[in-house]
Amino acid sequence: MTEVTAIPMEHGLILASVLFALGFAGVLVRRNIIFMLMSIEVMMNSAALAFVVAGSRWQQADGQIMFILILTLAAAEASVGLALVLQLYRRFQTLDVDAAGEMKG
Amino acid sequence: MSFNLLFLVFLFPLLGFLTLAFSRGRISENAAAVIGVGSVGLSASLTALLGFQFLTHPPEGGAYTQLLWTWMNVGGFAPQFALRLDGLSLVMMSVITGVGFFIHLFASWYMRGDEGFARFFSYMNLFIASMLFLVLGDNLLFLYFGWEGVGVASYLLIGFWYKDPANGLAARKAFVVTRVGDTFMAIGLFILFHELGTLNIQDVMARAAVVWPQGSTILTIAALLLLGGAVGKSAQLPLQTWLPDAMAGPTPVSALIHAATMVTAGVYLIARTHVLFELSPFALQCVGVVGAITLVMAGFTALMQTDIKKILAYSTMSQIGYMFLALGVGAYQPAIFHLMTHAFFKALLFLSSGSVILAMHHEQDIFKMGNLRKHIPLVFWCMLIGTMALTALPFTSGFFSKDEILHEAYLTGHTDLWLAGLFGAFLTAVYSFRLIFITFFGPERWRKESHAHDDAHDAHADEAHHGLAANENPHGAKTLDHHIPLLVLLALAIFGGFIHLPLDGVLPHAVIADHHKGGAFIEYLPLIVTLLGIALSWYLFLKNPALPERLKNGAVTKYIGKFWQSAFGFDWLYDKLFVRPFLWLVHINRNDIVDVVITKIPNAFHSAHGFFAATQNGRMRNYAFAMGVGACLVIVVVLL
C-alpha cells in the first residue's frame, strides 16, 4: 500500500458538511425551483463525498459503491425534478415555489 | 294450552308499542286504534285462558315460573329474566289487561281526532307492557325494571298534551316525586342483595326469615326503604303531592295509570314482600299508619275540590290509603281484594267523568255543571253505581272489600286504625255524593243566566275551547266504543265483589285472635257511618246549598277550608323546604364551578390546535427548514 500524502479524514468531512450546509441553505432561501433543485444536487454530492472519505479511511470499496448509487439516484431525481419544474411552469407561469403553496393548513 | 305462553302476555303490548312508535304519523287513526287496543285485547284474552288453566289445573306448588334467559352474570350475581305466575300475579295481570283493555277501548273513543292518537296508544301499550313486567317478574330487579318503566310511561302520558307548559310541569313533578321514592327502594334493594346475596323474590323471602331475627334493625331499614318506594308510587303521605297534578293527562290515562293500576303497585310490592314486613312489626305498623293518615287527609282535601278529576284523584289516594291500612294490619288478602274492586269502580268513575268532561266540552269544574242526569242518563247511572261502590254501599263490589278491611282491622286489635278507616268511610260518603249531587242534580249551572253577556261568554268559550255555547245542551256519546267499556265496568263494579281471588297459597290470612269479638254492631257501623255521610252530603249540597257557602266565607271556617283545599299545604311546604333552597343553590352556582375547570381542557386543545394549524402553511421551504431543525435536534440528542 503506497503511502500517499494522506488528506486527513477530518478535512474531507468538514468539506462535505460545509457543502451540505450550503446546499441546505440554498434550499431554504431560494424561491426559484431550479436553484432549489441545484442546491439539492449539491447536498446529495456532499453526502456522496462523505461516503467516499469514509471508504478511504477504512480502505473499503463500500464508500465508492455508495457514491455510484447516489450518482444514479441524483440522475433519476434530476429527471423527475425537471419534469415537475416543467409542469409547475405550465400551470403557474412562474418558477416561484411559493406560488404553488396551495395546501395551506 | 299451557303456561309457557305466559311471555306472550307482555309481548303483545310491547310489540304494539314498537309498531306504533315506529310508524308514527304514517298510519291512520283506525289502524292505530286496532293495533293499540288489539294488542291489549290479545293479552287480555290470553290472560283469561291462562287464568282458566291456572284455576282448573293449578301448577305444582301453586306457581309457575317461566325462565326466559339469564339477564346477566356478574360475580355470582345472576338475576334471571323469569316470569312467575301465582295467585297474586294472576290477579294483578287480570286487572291490568282486563281493565286496561276496556280503558283502551274507551280511549279510542275519547282520543278520536287528537293529533297524537297513535302516540297516545304507543305510550299506553308501553305502560301495559311495563306494568306486566312489574307484576310478573320473579326477582326484585325485574320488578324494579317494570317499576321504572311504568314511571316513564306515566311521565309521557301526563305530559301528553305537551304544548301546554303546565302539563309538562305536572309530568316533571310526578316523575321527580316518584323518583324520590324509587331511590329509597333502590337502596332497599341494595341492602337486601348485600345481606342476602340474591334478589329472587322467593329466595329473599325464604332467606330473610333464616338470616334475620324478628325485628332486626337492618331488616327494618330495608323494609322501610321498600315502603318508601311504595309510598312514592302509590301517592301516600309524604310523597302524595304528585297525584292531583297528574290529572293533567288525558282522562283514560288517569283511569288506567293513576287510579286502576300503577298507583296500586306499591300495594302489590308490599304484599309481594310481606314476609319482610312481618319480620319487622315496626315497618308493618308504619304501613298502616301511613295509610290511615293519608286516607283521612285525602278525604278532607277531596271535600274542598271543584275539579271533577281532582276529586277522584284524592279519592284514589284515600282508597289506596285503605289498602295500606289493610296491609298494615296484616290483612293482605282484603288489601288485594280492595285493589281489584277499586280498579273496577274507580276506572268506571274516571271513564264516566271523562264522558262528562267531553259532554261539557272540556269543562272540569263541577260548579259549572248541574242536573246532568237529565242529559246524559247513562253516564249518570255509571257514575252513581261507581260512587255507591266507592262508598261501599251494600251489594256493590266496594262493600265487600272495604267491609272486610275494616272488620279485620278491628278484629286484629288495631282500634286506632279502625277508627281512622271508619272516619274515612264517612268522609268518602260526603265527598263522593257531593260530586254526584252537584254534578247531576240541582240547577243547570251551565246555562248562561245573563243574555247581555252571552257574546262575551261565547268569545271566551271559543278562545279557551271549553265550556258549552250559550243555548247548547250537554249531549252524550252514542257509539259502542263508548258504551261497552262503561257497561262492562259497571257490571264489574256491582258484581266484582263476588269474585273469589286465588290468593290462599301466596298471602297469609290475618292473625285473628277472637272471631266473635265486636258482634253485629261493629259490622254494621261502617254502613251506618256511610249513610250518615250521604245524608249530610244531601243536606249540605242539595237541600241547603247556602250553608256550605256561608261556611266558606265564615271567619274561621274559611281558613280551614283553604287549608283542606290546598291538601294540607304540602305543596307549599315542599316548595319552601326543597324547591326554593335548590333553586337558590342553583342560582349561586349559575356559572357552574366544575364546568369552568372542565372547559379549560378543550380550550387548551383549541389553542394548541391553532398553533399547529399555523405551521401548515403550504410553503415547502418552511417544511424543509422544520425537517432540518428536527434532524439537527435528533443528532444532538443521539450524540449527547
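Residues numbered from 1 in each chain as written. Chains lettered and ligands numbered in written order. Predicted model: local features only at pLDDT ≥ 70, side-chain atom pairs only at ≥ 80, totals over all residues. Heavy atoms only, no water.

Another point: the overall build of chain B. Secondary structure assignment for chain B yields 26 helices and 2 strands. Principal axes of the C-alpha set define a box for chain B whose edges measure 110 × 75 × 55 Å. Taking all 640 residues of chain B together, the buried fraction comes to 55%. Pairs at least 24 residues apart make up 81% of the contacts formed inside chain B by residues separated by at least 6 positions. Roughly 27500 Å² of accessible area belongs to chain B as shown, and the carbon and sulfur atoms make up 69% of that amount. Once the 36 positive and 37 negative side-chain charges of chain B are each reduced to a mean point, those two points are 7 Å apart. (Helix = DSSP H or I, 4+ residues; strand = E, 2+ residues; numbered from the N terminus. Buried < 20%, exposed > 50% of the residue type's maximum accessible area, 1.4 Å probe, protein only. Contact = heavy atoms within 4.5 Å. Areas by Shrake-Rupley, 256 points an atom, 1.4 Å probe, with all protein chains shown as cover. Lys, Arg positive; Asp, Glu negative; His and termini not counted. Charge placed at Lys NZ, Arg CZ, Asp CG, Glu CD.)

Glancing now at unusual backbone geometry. Residues and elements named next belong to chain B. Cis geometry is adopted by the peptide bond preceding Pro 238, which originates at Leu 237 and carries an omega value of 0°. Looking at the secondary structure, you find Pro 238 in the loop between helix H8 (217-233) and helix H9 (242-245). If you check the backbone angles, Ala 235 has positive phi at about 55° while not being a glycine. Checked against the element boundaries, Ala 235 lands in the loop between H8 and H9. A positive phi angle is found at His 361, which is not glycine, with a value near 55°. Looking at the element boundaries, His 361 is found in the loop between helix H15 (332-359) and helix H16 (377-390).

This part covers the interface of chain A and chain B. Every contact between the two is made by 13 residues of chain A and, on the other side, 11 residues of chain B. Between chain A and chain B lies a buried interface of about 880 Å² when both sides are counted; carbon and sulfur atoms form 63% of it. Counting the contacts that link chain A with chain B gives 1 salt bridge. Residues Asp98(A) and Arg621(B) are paired through a salt bridge, measuring 2.6 Å at the closest nitrogen-oxygen approach. Inspection of the region where chain A meets chain B yields 2 residue pairs in polar contact (both at pLDDT 80 or more). The element contributing the most residues to the side of chain A that touches chain B is helix H1 (residues 9-29) of chain A, with 4 residues. A breakdown of the residues in the side of chain A that touches chain B according to their chemical character gives 7 nonpolar, 2 polar and 4 charged. (Buried area = accessible area lost by both parts, 1.4 Å probe. Salt bridge = Lys/Arg side-chain N within 4 Å of Asp/Glu carboxyl O. Polar contact = N/O pair within 3.5 Å; in protein donor to acceptor, adjacent residues only side chain to side chain. Nonpolar A, V, L, I, M, F, W, Y, C, P; charged D, E, K, R; others polar.)

Our focus in this paragraph is the nonpolar core. All names here are of chain B. Core analysis: the biggest nonpolar cluster contains 204 residues, and Leu 192 and Ile 336 have the highest contact counts within it. The element contributing the most residues to this core is H15, with 17 residues. Contact partners of Ile 336, with chain neighbours within four places excluded, come to Leu 88, Val 91, Val 267, Ala 271, Leu 501, Leu 503 and Leu 507. (Core = buried A, V, L, I, M, F, W, Y, C linked by side-chain atoms within 4.5 Å.)

Before going further, it helps to spend a moment on the side chain of Arg119(B). Relative to the elements of secondary structure, Arg119(B) occurs in helix H4 (residues 117-136). Beyond its immediate stretch of four places on either side in the chain, Arg119(B) contacts Arg24(B), Phe160(B) and Tyr162(B).

Okay, the pairing of strand E2 (residues 80-86) of chain B next. Working note: regular strand, side chains alternate between the two faces of the sheet. Residue and element names in this part refer to chain B. A large share of E2 lies buried, amounting to 6 of its 7 residues. With 7 bridges joining them, strand E1 (residues 63-70) and E2 adopt antiparallel strand pairing. Along E2, the bridge assignment pairs Tyr 64 with Leu 85. (Pairing = 2+ DSSP bridges.)

What follows covers the confidence of the model for chain B. Residue and element names in this part refer to chain B. Averaged over all residues, the pLDDT of chain B is 84; the fraction at 70 or higher stands at 95%. Scored below 50 in pLDDT, residues 449-465 shows 8 contacts in the model against residues more than four places distant or in partner chains. The ipTM, which scores confidence in the relative placement of chains, is 0.79 for this predicted complex, and the corresponding pTM is 0.77. (pLDDT = per-residue confidence, 0-100.)

Now for the pattern of salt bridges. As enumerated under the stated definition, the model contains 12 salt bridges over all chains in all. Among the salt bridges present, the one from Asp86(B) reaches Arg84(B), with a minimum N-O distance of 3.4 Å. Shared partners join several salt bridges into a network, and the residues in it are Arg31(A), Asp96(A), Asp98(A) and Arg621(B).

This part covers the packing of aromatic side chains. This structure, assessed with the given rule, holds 31 aromatic pairs over all chains. Relative to Phe175(B), the ring of Tyr155(B) lies with its centre 5.2 Å away and its plane at 55°, an arrangement referred to as tilted. Pair noted here: Tyr155(B) is in helix H5 (residues 140-158) and Phe175(B) is in helix H6 (residues 165-196), with a separation of 20 residues, a long-range link. A relative accessible area of 33% places Tyr155(B) in the partly exposed class. Ring geometry for Phe563(B) against Phe568(B): centres 5.1 Å apart, planes inclined by 55°, an arrangement best described as tilted. Chaining the aromatic ring pairs together yields one cluster made of Phe10(B), Trp69(B), Phe81(B), Phe133(B), Phe142(B) and Phe145(B). Sitting above the plane of the Phe35(A) ring, Arg30(A) keeps its charged end 4.3 Å from the centroid. Between Arg57(A) and the ring centre of Trp58(A), over which it is positioned, the NZ or CZ distance is 5.4 Å. (Phe/Tyr/Trp six-rings, centres within 6.5 Å; stacked < 30°, edge-to-face > 60°. Lys NZ or Arg CZ within 6 Å of the ring centre and 35° of its normal.)

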